[in-house]
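These are the residues of each chain, in order.
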Amino acid sequence: MTALVTLEGVTFTYPGADRPALVDVSLELAAGDVLVVTGESGAGASTLLLVATGLAPRVVGGRLTGARRIEARRCGVVFARPWTQLTGLCPTVRDEIAFGPASQGLPREAVLAAAERAMERLHIAHLAGREPAQLSGGELQRVVVAAVLAVEPEVLGLDDPAAELDPEAADALYDLLPAIAAAGTAIVVATPDLERAARVATRAVALEAGRIVARGAPADVLGGTEVAGIARAAGCPPPFPLDVPALLRRVSR
Amino acid sequence: MIGYVPGHSLLHRAHPYTTLALAGALLLGAFALTRPLEVWLLVVAAAAFAVAGGVLRASARPALLLSLPIWVLLFVLHGLLGADPRMTVGPVSLSVPGIARALVLGGRLTAIVLGFLTALATASPHRLVEAMTAGGVPFGRTFLLASTLTVLPRMRERTTQILEAQQCRGLRLGGSPLARLRALVPLALPLVLGALAEVDEQVLALDARGAAGGVRRTALDPPRDSALQRALRWTLLALVVAAYAWKFWSMRG
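Conventions used here
- Residues numbered from 1 in each chain as written.
- Chains lettered and ligands numbered in written order.
- Predicted model: local features only at pLDDT ≥ 70, side-chain atom pairs only at ≥ 80, totals over all residues.
- Heavy atoms only, no water.
- Helix = DSSP H or I, 4+ residues; strand = E, 2+ residues; numbered from the N terminus.
- Contact = heavy atoms within 4.5 Å.
- Buried area = accessible area lost by both parts, 1.4 Å probe.
- Salt bridge = Lys/Arg side-chain N within 4 Å of Asp/Glu carboxyl O.
- Nonpolar A, V, L, I, M, F, W, Y, C, P; charged D, E, K, R; others polar.
- Phe/Tyr/Trp six-rings, centres within 6.5 Å; stacked < 30°, edge-to-face > 60°.
- Buried < 20%, exposed > 50% of the residue type's maximum accessible area, 1.4 Å probe, protein only.
- Pairing = 2+ DSSP bridges.
- Axes fitted to C-alpha atoms, helices over the stretch in contact; angles between N-to-C directions.
- 1 Å grid on protein atoms, 1.4 Å probe; cavity = no way out; pocket = protein on both sides within 12 Å on 5 of 7 lines; lining within 4 Å.
- Points joined across faces, edges and corners; volume = space filled by probe spheres on them.
- Domains from an automatic or database assignment.

Participant: I keep staring at unusual backbone geometry and nothing clicks. Help me out?
Facilitator: Among all residues save glycine, negative phi is the norm, and among peptide bonds the norm is trans. Residues A:Ala56 and A:Pro57 are joined by a peptide bond in cis, for which omega reads 0°. Along the chain, the position of A:Pro57 falls in the loop between helix 1 (45–52) and strand 4 (63–70). Omega for the peptide link from B:Asp84 to B:Pro85 comes to 0°, which places this bond in the cis form. By the element assignment, B:Pro85 lies in the loop between helix 4 (56–81) and strand 1 (86–89). Despite not being glycine, A:Asp160 shows a phi value in the positive range, around 45°. Residue position: A:Asp160 is located in the loop between strand 6 (155–159) and helix 5 (167–182). At A:Ala209, a residue that is not glycine, the phi angle is positive and equals roughly 50°.

Written out as structure tokens, the structure is:
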């Protein structure tokens, strides 16, 4: 499958920083991938997401060396705090979601159709007429995801997307990702939430001080999850199961 | 109340350019008029503007709060310390030209602030964006203007949140003016840093939704303009030009 994003030996330094935030990073992202990027705070997961979606250095500034190829025509990004991602100018959820397609200069009918499709995908059609400022954090984050999906990105970056959500809303958000990926989008998720990430990841990368220190199947890279720890303690051989159903299947064998 | 107040008044229904033209005419007119009576007629016009928007109470209170300290300062500076001839009011000797000057300056300030707050309360930022989008104005400029109109309510909301958080951690807001001034210090840093961080994230999020794409955006629901409103805007422009012509002609005479 053709890679939508290719990084080869990429090193990135923020403006004014004396150390690079990413060092010699190489990876590929293809349609259908759900790549989970993890690491301790400051390891470079969010930066990798910005580099992979083309926002760094184009918008944030800084210096990028190495080879980066972004074949995707459109990249979208969802950040942790939903309220900072709103235009602040749209009176309704429908207008907020239509903002992206309208920015592409599509005809009015196509813009509204794209907004309706995105709302249906996120099951938020009932919120269409509501004022964004009146929504809960979970509802708002779904609106933000719908607003990003409305521009039909080929690469979707999510930076700790459930940080501000309650457990139920966080589960619901992660549960959406496999379907979005299956529709042909490459997803990259930067998160410390390994339990949920493990449920949806097709691949994983662990970073330390900007360098990739582990990569591969989620079971190998994200072995530090609680479920994996229980499996390890129970004497299961690797790769360890990462979610409760997988653990039950292994135990029942 | 500073910021947009939803409603259905004449000004709410007017094209946002008409509302801004009225506020602009008040601003420019205030500097063109030089006699106390003329300036205070302009204040009456500003009050009529607020009445037409159904926001007299919402606009007049903050306008008074903002203007009052400056009125006091103007009367002290010009009324007490101004040039001769003087008049005696009880035990106080006041400068006649100084009082006239203070009335002109105070009136100008009141008309401008009242006009600006009324425009802020009645011109929906969303409708303004739609009007500018329909007019082909690039989103960057549209966003800059609309954000300026919404910055005060956003800052007020953020200030309330920070104050509540600080009060939970023992901040006392009462006491002497000096103590109140001191209480502002722990507010200022999180207010400024938080606003900068949010703007940073919003720029990335809007960029990822195509805001900076350079494509002419689609206006989904542009406000209706009319020949009458266009004529009103041209008339206001003509009046302002005439007022300045009168001012310079009077100065030469």
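Moving on from the model shown.
Participant: Please explain the interface of chain B and chain A as it appears in this structure.
Facilitator: Accessible area lost when the parts come together is the quantity often used to give the size of an interface. Opposite the 26 residues of chain B that make contact, chain A presents 36 residues. Contact between chain B and chain A buries roughly 2,600 Å² in total, counting both sides, with carbon and sulfur atoms accounting for 59%. Taken as a group, B:Leu204, B:Arg209 and B:Leu220 account for 31% of the area that chain B buries against chain A, more than any other trio of residues on that side. Summed over the shared surface of chain B and chain A, the number is 3 salt bridges. Put simply, the parts of the chain that give the side of chain B that touches chain A at least two residues each are helix 6 (125–134), helix 7 (139–168) and helix 8 (177–208) of chain B. For the side of chain B that touches chain A, the element with the highest residue contribution is helix 8 of chain B, accounting for 10 residues. When the residues that make up the side of chain B that touches chain A are grouped by side-chain class, the tally is 15 nonpolar, 4 polar and 7 charged.

Participant: Sorry, what's going on with the packing of aromatic side chains here?
Facilitator: Each pair of aromatic rings is reported with the distance of its centres and the angle of its planes. Under the defined criterion, the tally for this structure stands at 6 aromatic pairs over all chains. Judged by centre distance (5.2 Å) and plane angle (65°), the rings of A:Phe99 and B:Phe139 are edge-to-face. Placement of A:Phe99 in helix 2 (residues 93–103) and of B:Phe139 in helix 7 is noted, with the two residues assigned to different chains. A:Phe99 sits in the buried class, given a relative accessible area of 4%.

Participant: Explain the sheet that holds strand 9 (residues 211–216) of chain A here, please?
Facilitator: Strands belonging to one sheet form pairs held by backbone hydrogen bonds; the direction of such a pair is parallel or antiparallel. Residue and element names in this part refer to chain A. The sheet built from 6 strands is open, its strands ordered 5-6-7-3-8-9 with mixed pairing. Looking at which strands have only one partner, the edges of the open sheet turn out to be strand 5 (75–78) and strand 9. Across the sheet, the mean angle separating the axes of adjacent strands is 20° when strand polarity is ignored. Relative to strand 7 (residues 186–190), strand 6 runs parallel, the two sharing 5 bridges. When the bridges of strand 7 are listed, Leu156 appears paired with Ile187. Its contacts with the sheet put helix 5 on strand 3 (34–39), strand 6 and strand 7, and the angle it makes with strand 7 is roughly 155°.

Participant: I tried to follow the layout of surface pockets on my own but got confused; where do I start?
Facilitator: Which parts of space are left empty comes out when a probe the size of a water molecule is rolled across the atoms. Space inside the largest pocket adds up to approximately 1,600 Å³. Lining the largest pocket are 44 residues; nearest its centre among them are A:Gly88, A:Ala133, B:Thr150, B:Arg154 and B:Glu157. Elements with a contribution of two residues or more to the lining of the largest pocket: helix 1 (10–13), helix 6, helix 7 and helix 8 of chain B. Among the elements that take part in the lining of the largest pocket, helix 7 of chain B stands out by supplying 12 residues, more than any other. Taken together, the residues that form the lining of the largest pocket break down as 23 nonpolar, 12 polar and 9 charged. For the second largest pocket, the calculated volume is near 580 Å³. Taken together, 27 residues line the second largest pocket, and the ones lying closest to its centre are A:Tyr14, A:Ser46, A:Leu50, A:Phe79 and A:Asp159. Of all the elements in the fold, those that place two or more residues in the lining of the second largest pocket are strand 3 and helix 1 of chain A together with helix 8 of chain B. Per-element accounting of the lining of the second largest pocket gives the leading share, 5 residues, to helix 8 of chain B. Residue composition of the lining of the second largest pocket, grouped by class: 15 nonpolar, 6 polar and 6 charged.

Participant: Help me understand the pairing of strand 3 of chain A in this model?
Facilitator: The two faces of a sheet get side chains in turn, since along a regular strand they alternate between them. Residues and elements named next belong to chain A. Most of strand 3 is tucked away, with 5 of its 6 residues classed as buried. Sheet topology note: the strand 3/strand 8 (residues 203–208) ladder contains 5 bridges and is parallel. In the sheet register, Gly39 faces strand 8, and the bridge partner there is Leu207.

Participant: What's the story with helix 1 of chain A in this structure? I'm lost.
Facilitator: In an α-helix, one turn spans 3.6 residues; hence positions three or four apart end up facing the same way. Residues and elements named next belong to chain A. The buried count for helix 1 comes to 7 of 8 residues, which makes it a mostly enclosed element. When we look at burial in helix 1, the residues that qualify are Ala45, Thr47, Leu48, Leu49, Leu50, Val51 and Ala52. Positive phi appears at Gly54, one or two residues downstream of helix 1, with a value of about 85°.

Participant: Whenever I open this one, the pattern of salt bridges confuses me. Can you help?
Facilitator: On inspection of all chains with the given rule, the structure shows 16 salt bridges over all chains. Between A:Arg81 and B:Glu201 there is a salt bridge; the shortest N-O distance is 3.4 Å. Of this pair, A:Arg81 sits in the loop between strand 5 and helix 2 while B:Glu201 is found in helix 8, placing the two residues in two different chains. We classify A:Arg81 as partly exposed; its relative accessible area is 24%. A salt bridge links A:Glu96 to B:Arg209, with the shortest nitrogen-to-oxygen separation between them at 3.1 Å.

Participant: Teacher, can you tell me more about the domain arrangement of chain A here?
Facilitator: Residues and elements named next belong to chain A. Domain annotation for chain A reports domain 1 (1–74 + 155–172 + 180–217) and domain 2 (80–152). Inter-centroid distance (C-alpha atoms) of domain 1 to domain 2 is 24 Å. With 12 residues of domain 1 in contact, the opposing surface of domain 2 contributes 14 residues. For the pairing of domain 1 and domain 2, the buried interface totals around 950 Å² over both sides, and the portion due to carbon and sulfur atoms is 63%. Considering only the side of domain 1, the residues that lose the most area to domain 2 are Arg74, Glu164 and Ile180, jointly responsible for 47% of the buried surface there. The tally of links from domain 1 across to domain 2 stands at 0 salt bridges.

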